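Okay, here's what each chain looks like letter by letter:
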Amino acid sequence: FVEEVGPTLDNDFNYTFYSAEVARRVSLFRDWLVVAGRFRAQYVEGVPDEIPFWAEPSLGGADSLRGFFPDRFIGRGSALANAELRVKVAAFAFF
């Protein structure tokens, strides 16, 4: 998606934020084995003084880079790729 923020009313910010994400899961062996992959890229363009820090792309936290605190890495752009192999250990029927 693309988000464009310009100077309107009392807004001093002027930047454009680009983001793209692709994710895919493939089930193997009757859902006991799942291969999952994801790629995400983000970029913000504009004059550095007109881009708030909270609008810059970041990495960290459970949704992007596990093992690091949320928003640990912040900058003008970010790219993320991960792959997972998920194995079902047990199945429970509660109800």
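Everything numeric here is computed off the predicted structure, so don't read it as measured data. (Residues numbered from 1 in each chain as written. Predicted model: local features only at pLDDT ≥ 70, side-chain atom pairs only at ≥ 80, totals over all residues. Heavy atoms only, no water.)

### Let's talk about the packing of aromatic side chains
Argument step 1. Per the counting criterion, the structure on display carries four aromatic pairs.
Argument step 2. Judged by centre distance (6.0 Å) and plane angle (40°), the rings of Phe1 and Phe17 are tilted. On the criterion of sequence distance, the pair formed by Phe1 in the segment before strand 1 (2-5) and Phe17 in strand 2 (residues 15-28) is long-range, its members being 16 residues apart.
Argument step 3. By relative accessible area, which is 60% here, Phe1 ends up exposed. (Phe/Tyr/Trp six-rings, centres within 6.5 Å; stacked < 30°, edge-to-face > 60°. Helix = DSSP H or I, 4+ residues; strand = E, 2+ residues; numbered from the N terminus. Buried < 20%, exposed > 50% of the residue type's maximum accessible area, 1.4 Å probe, protein only.)

### A look at the side chain of Ser78
Argument step 1. Residue placement: Ser78 occurs in strand 6 (residues 77-87).
Argument step 2. Overall, Ser78 belongs to the buried group, its relative accessible area being 12%.
Argument step 3. Ignoring sequence-local partners within four residues, the contact set of Ser78 consists of Arg40, Ala41, Gln42, Pro57, Ser58 and Leu59. (Contact = heavy atoms within 4.5 Å.)

### Thoughts on the layout of surface pockets
Argument step 1. In this structure, the largest pocket encloses a volume near 240 Å³.
Argument step 2. Taken together, 17 residues line the largest pocket, and the ones lying closest to its centre are Arg38, Arg66, Asn82, Glu84 and Arg86.
Argument step 3. The set of elements that each furnish at least two residues to the lining of the largest pocket consists of strand 2, strand 3 (33-46) and strand 6.
Argument step 4. Per-element tally for the lining of the largest pocket: the top contributor is strand 6, with six residues.
Argument step 5. Looking at side-chain class alone, the lining of the largest pocket contains seven nonpolar, three polar and seven charged residues.
Argument step 6. By volume, the second largest pocket is sized at about 170 Å³.
Argument step 7. Gln42, Glu56, Pro57, Ser58 and Asp71 are, among the 14 residues lining the second largest pocket, the residues nearest its centre. (1 Å grid on protein atoms, 1.4 Å probe; cavity = no way out; pocket = protein on both sides within 12 Å on 5 of 7 lines; lining within 4 Å. Points joined across faces, edges and corners; volume = space filled by probe spheres on them. Nonpolar A, V, L, I, M, F, W, Y, C, P; charged D, E, K, R; others polar.)

### As for the pattern of salt bridges
Where charged atoms of side chains with opposite charge meet at close range, the side chains can pair.
Argument step 1. Applying the stated criterion to the full structure yields three salt bridges.
Argument step 2. In this structure, Glu21 engages Arg38 in a salt bridge whose closest nitrogen and oxygen atoms are separated by 3.6 Å. Of the two residues, Glu21 sits in strand 2 while Arg38 sits in strand 3, which places them 17 residues apart along the sequence.
Argument step 3. Residue Glu84 pairs with Arg66 through a salt bridge whose shortest N-O separation is 3.2 Å. With Glu84 in strand 6 and Arg66 in the loop between strand 4 (58-59) and strand 5 (73-74), this residue pair connects regions lying 18 residues apart in the sequence.
Argument step 4. The structure contains a network of salt bridges with shared partners spanning Arg66, Glu84 and Arg86. (Salt bridge = Lys/Arg side-chain N within 4 Å of Asp/Glu carboxyl O.)

### Focus: the sheet that holds strand 3
Argument step 1. Here we have four strands laid out as an open sheet, ordered 1-2-3-6, and antiparallel in their pairing. Each edge of the open sheet is held by one strand with a lone partner, namely strand 1 and strand 6. Adjacent strand axes in the sheet meet at a mean angle of 10° when their direction is disregarded.
Argument step 2. Across eleven bridges, the pairing between strand 3 and strand 6 is antiparallel. Among the inter-strand pairings, Arg40 is bridged to a residue of strand 6, identified as Leu80. (Pairing = 2+ DSSP bridges. Axes fitted to C-alpha atoms, helices over the stretch in contact; angles between N-to-C directions.)

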